[in-house]
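Read off the chains here:
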Amino acid sequence: SDRPAFAALNADPEVMAEFPAPLDRAGSDALLERFDTGLHQRGWGVWAVELASSGQLIGCVGLNPAPENLPFAPAVELVWRLVRPAWGQGLAREAAQLAIDVGFTQLGLPQLVAFTACSNQRSRALMQRLGMVYQGEFDHPALAHTSRLRRHVWHRLEAPPLLPA
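The rules behind these values
Residues numbered from 1 in each chain as written. Predicted model: local features only at pLDDT ≥ 70, side-chain atom pairs only at ≥ 80, totals over all residues. Heavy atoms only, no water. Helix = DSSP H or I, 4+ residues; strand = E, 2+ residues; numbered from the N terminus. Buried < 20%, exposed > 50% of the residue type's maximum accessible area, 1.4 Å probe, protein only. Contact = heavy atoms within 4.5 Å. Areas by Shrake-Rupley, 256 points an atom, 1.4 Å probe, with all protein chains shown as cover. Core = buried A, V, L, I, M, F, W, Y, C linked by side-chain atoms within 4.5 Å. Arc of directions from axis to C-beta. Pairing = 2+ DSSP bridges. Phe/Tyr/Trp six-rings, centres within 6.5 Å; stacked < 30°, edge-to-face > 60°.

(A) Region of the structure containing the overall build of the protein chain. Looking only at helices and strands, the protein chain has four helices and six strands in total. For the protein chain, the sequential pattern of α-helices and β-strands runs α-α-β-β-β-α-β-α-β-β. If you line up the protein chain on its principal axes, its C-alpha atoms span 50 × 45 × 30 Å. Taken over 165 residues, the protein chain has a buried fraction of 42%. Considering only residue pairs separated by 6 or more positions, the protein chain has 51% of its internal contacts joining residues 24 or more positions apart. Counting only carbon and sulfur atoms, one obtains 55% of the accessible surface of the protein chain, whose full area is about 9200 Å².

(B) Just the nonpolar core, in detail. Grouped together as the largest cluster of nonpolar side chains are 36 residues, with contacts concentrated most on Leu63, Leu78, Trp80 and Leu130. Those elements that provide at least two residues to this core are helix 1 (3-11), helix 2 (25-42), strand 1 (46-50), strand 2 (57-65), strand 3 (76-82), helix 3 (91-106), strand 4 (111-117) and helix 4 (121-129). Here the element with the most residues in this core is helix 3; it accounts for seven residues. Dropping the residues within four chain positions of it, Trp80 is found in contact with Cys60, Val61, Ala96, Ala114, Ser123, Leu126, Met127 and Leu130. Core analysis: the second largest hydrophobic core is formed by eight residues, Leu70, Val113, Phe115 and Phe138 among them.

(C) Just the side chain of Thr116, in detail. Tracing the backbone through its elements, the reader meets Thr116 in strand 4. If sequence neighbours within four positions are ignored, Thr116 has contacts with Ser123, Arg124, Met127, Arg151, His152 and Val153.

(D) Just helix 1, in detail. Within the span of helix 1, buried status applies to Phe6, Ala7, Leu9 and Asn10. In an axial view of helix 1, the angular spread of the buried residues amounts to 160 degrees, which keeps them on one side of the axis. Where helix 1 is buried, its residues contact helix 2, strand 2 and strand 3.

(E) Layout of the pairing of strand 2. Most of strand 2 sits inside the fold, with seven of its nine residues counted as buried. Sheet topology places strand 1 next to strand 2; five bridges connect them, and they run antiparallel. Of the residues in strand 2, the one forming a bridge with Trp47 is Val61. Hairpin connection, strand 1 to strand 2: the antiparallel pair is bridged by six residues, and Gly55 has positive phi, about 80 degrees. Pairing geometry for strand 2 and strand 3, over seven bridges, is antiparallel. Each bridged residue has a counterpart across the sheet, and for Cys60 the counterpart in strand 3 is Arg81.

(F) Broad picture of the environment of Ile58. The residue Ile58 is located in strand 2 in this model. Take Ile58: its relative accessible area is 4%, and that puts it in the buried class. A sequence separation of 92 residues divides Ile58 from Arg150, and the C-alpha atoms of the two residues are 27 Å apart. With sequence-adjacent residues up to four places away left out, Ile58 is seen in contact with Val49, Glu50, Leu51, Arg81, Leu82, Val83, Ala86 and Leu91.

(G) Structural view of the packing of aromatic side chains. Tallied over the full model, the rule gives five aromatic pairs. Residues Phe72 and Phe138 carry aromatic rings whose centres are separated by 5.6 Å and whose planes lie at 80 degrees to one another, so their mutual orientation is edge-to-face. Taken together, the positions of Phe72 in the loop between strand 2 and strand 3 and Phe138 in strand 5 (residues 133-139) put the pair 66 residues apart, joining distant regions of the chain. Summarising the burial analysis for this pair, Phe72 and Phe138 share the class buried. Measuring from centroid to centroid gives 4.5 Å for Phe72 and Trp154, while their planes differ by 25 degrees, and the two rings are stacked.

This is the structure we're talking about:
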């Protein structure tokens with residue numbers, strides 16, 4: 001039932017400005033299928049983000065295996081994407097923090113990573129607000145050499161140390 005709202009999110013040129021292109025309905029549905037498959041196969045993944053007051057879908061957040069061809073793989077990536085009206089309200093941070101808690105507390109992951117195009121200042125700022133530490137830059141292998149988005153940054157967040165029992 002979230003497919004139309006998710007498709008609208010993925011078709012928004014401003015939301016998708018730091019991605020190679022907005023997604024058409026088929027591309028959005030395929031992404032949702034990949035997320036759904038991951039949830040069912042692993043028991044964790046990317047979840048819908050809804051407003052508590054209305055149940056309206058405003059985006060997605062969660063954990064996803066990083067592509068194997070990236071320099072820091074294997075790793076689990078923290079991902080987020082919200083509709084424009086939800087920007088600047090702390091909702092992405094709140095939802096991402098919940099995903100981090102799942103990753104470290106329930107799944108026992110040792111670390112999480114996040115990456116984005118160097119030009120994506122909003123996501124880079126969120127990575128810093130989440131306490132993620134800048135690790136460096138790389139050329140994304142899935143993007144053309146001529147793409148303005150080819151150069152990426154990545155950040156890492158280590159699991160907090162376990163307290164003695």
